[in-house]
Amino acid sequence: MPRWNAEKKQAYRTEVIQRITAAMPSVMQEYASINWEEELKGYHIEHEYYPDYIHAPIHGSTDSYTNPQSCLAWDAAMDAIIPLSHNVSCQQLRETMAKLIPQDAQIETVLELGAGTAGGSLALAQRFLQATFRITDVSPYMLVISQHKFNKAGLSERASFEQVDARNTGYPDNSFDLVTSSLLFHETPKEWTPKILKEMYRITKPGGWVLYADTYRGEYALSASFQEPWLDDFIHFNFEYEFAKAGFTELNYIRYAVGLWYMVGRKLEM
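Since we're looking at a predicted model, the values are computed, not measured.

Quick word on the packing of helix α8 (residues 192–203) against helix α10 (residues 239–246)
Point 1. Put simply, α8 and α10 touch, their axes get as near as 8 Å, and they point 45° apart. Here α10 runs oblique to α8, going by the angle between their axes. Between α8 and α10 the crossing geometry is right-handed. Between α8 and α10, the residues in contact are T193, P194, L197, K198 and Y201 and F239, E242, F243 and A246, respectively.
Point 2. Looking at the contact of α8 with α10, its residues break down into 6 nonpolar, 1 polar and 2 charged.

Now the structure itself:
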């Protein structure tokens, strides 16, 4: 796709903001029942707890992942951005991602890193009915929203929600049949990527799977309209190499829609 000029980028940002604004009344109604004081118990909410990167102006909004209002708007933002940017719905992105793991794969334990509002895990939970899930994120507000969504879907008994640094999860070696994440690496400093991939490999069971999705590949990256502090580093990563360097094999890089891509791989049996 051709590089957008400043006028087109501004028009795009305006359209996204208008769509988010229009969706927010129903969003606030959806989450009105959340008792934030109660639900945040056990999570860290102090400024000093979070890694430094999270205070950067991601999408032009400082501290967006430690701000409950920004987290509440996340799904509305994705429902605006994904169709406008990639010509598919957010639901299609998630459902297609889940289908990349074969239906007959022995998936009983799933970890989602940087889960946001856990759209990836929700899609996988519908595909692998026997699986249990660890939903993790550094943002407690995202975790509260994720739990609300799992409760609404009637899947709460199959999931736990934990505040975790993706670089050092604390889980034992060889813990999960599937480790998944999406839209994470373009929002983290370049020093984090090898560390997170190494951690993903460590906690994947031998014979288990890794599943990832992201954006900003190829020409699409030239039209980025919202501030992404580490975008330049991200677009110069060779992710096929990075996943292989971490130890994953049978890697399959899959282009999907405009600017979207998936990576699927395995951890060899020992």
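What follows picks up the thread again.
Focus: the nonpolar core
Point 1. With 92 residues, the main nonpolar core has I101, I107, I135, F185, M200 and F243 as its most contacted residues.
Point 2. With 7 residues, helix α4 (residues 74–86) is the largest single contributor of residues to this core.

Some details on the UniProt feature "domain: Methyltransferase" (unreviewed entry) in the protein
Point 1. Sites flagged by UniProt as "domain: Methyltransferase" (unreviewed entry) map to residues 110–208.
Point 2. Helix makes up 34% of residues 110–208 and strand makes up 26%, while its end C-alpha atoms are separated by 10 Å.

What about the layout of surface pockets?
Point 1. Computed from the structure, the largest pocket encloses a volume of approximately 380 Å³.
Point 2. In terms of lining, the largest pocket is formed by 19 residues, of which the most central are I20, H59, S61, S70 and A77.
Point 3. For the lining of the largest pocket, the secondary-structure elements that each account for two or more residues are α1 (6–30), α3 (68–72) and α4.
Point 4. Of the voids in this model, the second largest pocket is the one considered here, and its volume is about 330 Å³.
Point 5. Lining the second largest pocket are 14 residues, with Q91, R94, G119, L122 and K149 sitting closest to its centre.
Point 6. Looking at the lining of the second largest pocket, its residues break down into 5 nonpolar, 4 polar and 5 charged.

Calculation notes
- Residues numbered from 1 in each chain as written.
- Predicted model: local features only at pLDDT ≥ 70, side-chain atom pairs only at ≥ 80, totals over all residues.
- Heavy atoms only, no water.
- Axes fitted to C-alpha atoms, helices over the stretch in contact; angles between N-to-C directions.
- Helix = DSSP H or I, 4+ residues; strand = E, 2+ residues; numbered from the N terminus.
- Parallel < 35°, antiparallel > 145°, perpendicular 65-115°, else oblique.
- Left-handed = near helix turned anticlockwise from the far one by under 90°.
- Contact = heavy atoms within 4.5 Å.
- Nonpolar A, V, L, I, M, F, W, Y, C, P; charged D, E, K, R; others polar.
- Core = buried A, V, L, I, M, F, W, Y, C linked by side-chain atoms within 4.5 Å.
- Buried < 20%, exposed > 50% of the residue type's maximum accessible area, 1.4 Å probe, protein only.
- UniProt positions renumbered as here; feature names shortened; annotations may be inferred.
- 1 Å grid on protein atoms, 1.4 Å probe; cavity = no way out; pocket = protein on both sides within 12 Å on 5 of 7 lines; lining within 4 Å.
- Points joined across faces, edges and corners; volume = space filled by probe spheres on them.

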